[in-house]
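Each chain, written out:
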Amino acid sequence: MSAHRVIGRSGGVIVRAFEEGDLEAYRRWLQPEQEWHRWDGPYFAKASAPEIDERLDRFRGRIASGEYAAESPLSRAVIVREDAPDEMVGSVSWHWESEESDWRRMGLTVYDPATRGRGVGTEALRIWTDHLFSTTDVVRLDYSTWSGNARMLGVGHRLGFSEEARFRDAREVRGERYDSVVMGVLRAEWEALPVHAALG
């Protein structure tokens, strides 16, 4: 574990920086036939295998050059279990919703279906939210999901996020209409919560 840059720990889950050794597992999990695509943004087009290869080749270059490690905060990180710190089970990320107002939107995916439903996503998002609030001056963080992803909605409710927006019938998944939902939390609300991750 000493070789890994640990971002935080909570409830048997670790979020850590990507390393080059993670990229083959990452490539496998990103393939379009993986089951998690049914739940995480199934309304978006899936990347093809060649597109995934191209994306990961660029990421490999950013890791090798030190560009990725120099990001503060990191734009994406690996989720592992504490008892298996080399086995990626998911990832977290963030992107600008509005850089002008320092509005960042988070992403969370648990890839491994054997791991899903065991609290890994909840603990990973707890770590990631703590990390982003502790390393930036943001006043709010949020994530977007859809009404058919009950587990992702449950993660937010368990962690004290509020439903901030619901766009009715905005998503079509497997021939049915679902709402698009944004779950968010303000810094003051988050800091008032009793349970936080151990960072670093």
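Our structure is the block above this text.
A few points on the structure. Numbers given to residues run from 1 along each chain, matching the order in which its sequence is written. The predicted nature of this model means local features are confined to residues of pLDDT at least 70 and side-chain atom pairs, given and counted, to a pLDDT of 80 or more, with totals for whole chains, interfaces and linings taken over all residues. As a rule here, side-chain values come from all non-hydrogen atoms in the structure, and water together with hydrogens is ignored.

### Quick look at the sheet that holds strand β6 (residues 140–146)
Rules: Strands are labelled as partners when DSSP assigns at least two bridges between them. Put simply, DSSP H or I for four residues or longer makes a helix, DSSP E for two residues or longer makes a strand, and each gets a number counted from the N terminus. The contact rule is simple, with two residues in contact once any of their heavy atoms fall within 4.5 Å. Lines are fitted to the C-alpha atoms to define the axes, a helix being fitted only along its stretch in contact, and any angle between axes, read from their N-to-C directions, falls within 0 to 180 degrees.
Overall, mixed pairing links the nine strands, which are arranged β7-β8-β6-β5-β4-β3-β2-β1-β9 in an open sheet. The two strands at the open ends of the sheet, each matched to only one other strand, are β7 (162–173) and β9 (198–199). Relative to strand β3 (residues 76–81), strand β2 (residues 13–16) runs antiparallel, the two sharing four bridges. If you follow I14 over to β3, its bridge partner there is V80. Against the sheet, helix α4 (residues 120–135) contacts β1 (6–10), β2, β3, β4 (90–98), β5 (103–110), β6, β8 (176–186) and β9, and its axis sits at roughly 155° relative to β5. Against the sheet, helix α5 (residues 150–159) touches β5, β6 and β8, its axis set at about 155° to β6.

### Notes on the nonpolar core
Note the cut-off: Residues belong to one nonpolar core when they are buried, are Ala, Val, Leu, Ile, Met, Phe, Trp, Tyr or Cys, and are joined through side-chain atoms within 4.5 Å. To sort residues, take the accessible area from a 1.4 Å probe on protein chains only and compare it with the maximum for the residue type: under 20% means buried, over 50% means exposed, and anything in between is partly exposed.
In terms of nonpolar packing, the biggest core is built from 51 residues, with V15, F18, Y26, I79, W128 and F161 touching the most fellow members. Ranked by residue count, the leading element in this core is α4, at seven residues. Not counting the four nearest positions on each side in its chain, F18 is found in contact with L23, Y26, F59, I63, Y68, R76, A77, V78, M88 and S91.

### A closer look at the layout of surface pockets
Operational definition: Here a cavity is any set of points on a 1 Å grid over the protein atoms alone where a 1.4 Å probe fits but cannot get out, and a pocket is any open set with protein on both sides within 12 Å along at least 5 of 7 lines; a residue lines the site when it has an atom within 4 Å of a point. Grid points are joined across faces, edges and corners, and a volume is the space filled by probe spheres set on the points. Residues are grouped as follows: Ala, Val, Leu, Ile, Met, Phe, Trp, Tyr, Cys and Pro are nonpolar; Asp, Glu, Lys and Arg are charged; every other residue, Gly included, is polar.
Taken as a whole, the largest pocket holds about 1200 Å³ of empty space. Surrounding the largest pocket, 46 residues form its lining, W36, D40, G41, L108 and T109 being those nearest its centre. Element by element, the count of residues in the lining of the largest pocket is highest for β5, at six residues. Its residues assigned to classes, the lining of the largest pocket comprises 21 nonpolar, 15 polar and ten charged.

### Section: the packing of helix α1 (residues 23–30) against helix α2 (residues 49–65)
The following threshold applies: Throughout this description, any angle smaller than 35 degrees is read as roughly parallel, any larger than 145 degrees as roughly antiparallel, any in the 65 to 115 degree range as roughly perpendicular, and the remainder as oblique. What makes a crossing left-handed is the near helix being turned counterclockwise from the far one by less than a right angle; a clockwise turn instead makes it right-handed.
Put simply, α1 and α2 touch, their axes get as near as 11 Å, and they point 155° apart. Considering their axes alone, α1 and α2 lie roughly antiparallel with respect to each other. The hand of the α1/α2 crossing is right-handed. On α2, the residues touching L23, E24, Y26, R27 and L30 of α1 are I52, D53, R55, L56, D57, F59, R60 and I63.

### Concerning the pairing of β2
Every second residue of β2 is oriented toward a common face, with V13 and V15 on one face and I14 and R16 on the other, all of them buried. Of the pairings in the sheet, the one linking β1 to β2 comprises four bridges and is antiparallel in character. What sits directly across from G8, in β2, is V15. Taken together, β1 and the strand that follows it, β2, pair antiparallel across an intervening segment of two residues, in which G11 is found at a positive phi of about 55°.

### Focus on unusual backbone geometry
Across residues other than glycine, the phi torsion is negative in most instances, and most of the peptide bonds are trans. With omega at -5°, the peptide bond leading from S72 into P73 counts as cis. Mapped onto the elements of the fold, P73 is located in the loop between α3 (67–70) and β3. Of note, D102 is a non-glycine position whose phi angle comes to about 55°, a positive value. By the secondary structure assignment, D102 is in the loop between β4 and β5. On the accessibility criterion, D102 (22% relative accessible area) is partly exposed.

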